[in-house]
Amino acid sequence: MAVTDDAILRVKEMIVSGELKPGDRLPREADLAERLGLSRNSLREAVKALSLVRVLDVRQGDGTYVSSLRADDLLGALSFVLDLHRGEDSVLEVLQVRRILEPAASALAAQRITPEEIAVLRAMCDAGENARTVEELVEHDLEFHRAIARGSGNAYLAQLLDTLAGPTVRVRIWRGIAQAGAAERTIAEHRAIVDALALRETELARSWTTVHVAGVEQWLSDLA
C-alpha cells in the first residue's frame, strides 16, 4: 500500500503542478512508470484508485485521461461513501455538517442572488405549501436548498451540500410524519430565509438557515 500511495501522490503532483491538465492523456504506462521511478504494478494500482474517485478516466483501448476535475464529478465519490453510512449516528453527523455549511451558503447568496432567483424561491415556497404528501414536501425542501446553494455562486459548496442532502432525506420524512406542525414550520422558515435574502440581510439569512437546519438535527438528537 505504501508503494501504491507513493504512486498516487506522484500522479497527483503532476496534475496539481499543471503538467497534466483536465482532458490530457497520460503517457504510456511503461514510460510513465520509468519516468516516476515506479513499478508498472504500483502505477497500475494508483491509476485504478484515482479512477475510482474520478480523477482519472480509464478508456479501454484508448488510454487513461485526466478527468474534467469538476466538483460534481469528484464529489460523486463522497456520495458513494455517504450512501454506505445511513445509520442514525451517521445521519446526525451529516446534519451537523449541514448546520455549519448551509448558513454560510445562505450568507453568500444574500450578497449574490438575483431578483429572478428570489422569485423562483418564493414560487417554491408556494408549491411546498400546497404539497399533498410529506414526501412531496421533502422534495420541495431539497430543491429549495439546492437553489439557495446555487445562488451562493460557489459551485463547490453547492455540490457538496447537494451530496450531503441525500443521507438526510429519510429522517426529514420521518420528522414530517411524526412531529406535529413540522410541515408548517418548514414553509414558514423557508419564507423567512427568502425574505432575508431579498433584503440582502446576510446575517439574518445565516441565522434563519441555522434555525431551520438545526430543527431536524435537534429532533433526531431528542430521539436518541
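Above this text you will find the structure in question.
As the structure is a prediction and not an experimental result, all values here were calculated from the model.

Student: Tell me about the packing of helix H7 (residues 115-129) against helix H8 (residues 134-151), residues and numbers included.
Tutor: H8 packs onto H7 with a crossing angle of 170° between their chain directions and a minimal axis gap of 9 Å. Put simply, H7 runs roughly antiparallel to H8. Contacts between H7 and H8 involve Glu117, Leu121, Met124, Cys125, Ala127 and Gly128 from the first element and Leu137, His140, Glu143, Phe144, Ala147, Ile148 and Gly151 from the second. A per-class count over the contact of H7 with H8 returns eight nonpolar, three polar and two charged.

Student: Describe the side chain of Ser106, listing the residues and the values that go with them.
Tutor: Within the fold, Ser106 resides in helix H6 (residues 88-112). Here Ser106 falls in the buried class, since its relative accessible area comes to 1%. Aside from chain neighbours lying at most four places away, what touches Ser106 is Ile148, Ile193, Leu197, Ala205 and Thr209.

Student: Can you break down the packing of H7 against helix H11 (residues 182-198) residue by residue, with the values?
Tutor: As a packed pair, H7 and H11 sit with axes 10 Å apart at the nearest point and diverge in direction by 170°. Viewed along their axes, H7 and H11 adopt a mutual orientation that is roughly antiparallel. For the pair formed by H7 and H11, the contact residues are Ile118, Leu121, Arg122, Cys125, Asp126, Gly128 and Glu129 on the first element and Ile187, His190, Arg191, Val194, Asp195, Leu197 and Ala198 on the second. Residues that form the contact of H7 with H11 fall into these classes: seven nonpolar, two polar and five charged.

Student: I'd like a rundown of the environment of Ala214, residues and numbers included.
Tutor: You can see Ala214 is positioned in helix H12 (residues 202-223). Overall, the relative accessible area of 22% leaves Ala214 in the partly exposed class.

Rules used in this analysis
Residues numbered from 1 in each chain as written. Predicted model: local features only at pLDDT ≥ 70, side-chain atom pairs only at ≥ 80, totals over all residues. Heavy atoms only, no water. Axes fitted to C-alpha atoms, helices over the stretch in contact; angles between N-to-C directions. Helix = DSSP H or I, 4+ residues; strand = E, 2+ residues; numbered from the N terminus. Parallel < 35°, antiparallel > 145°, perpendicular 65-115°, else oblique. Contact = heavy atoms within 4.5 Å. Nonpolar A, V, L, I, M, F, W, Y, C, P; charged D, E, K, R; others polar. Buried < 20%, exposed > 50% of the residue type's maximum accessible area, 1.4 Å probe, protein only.

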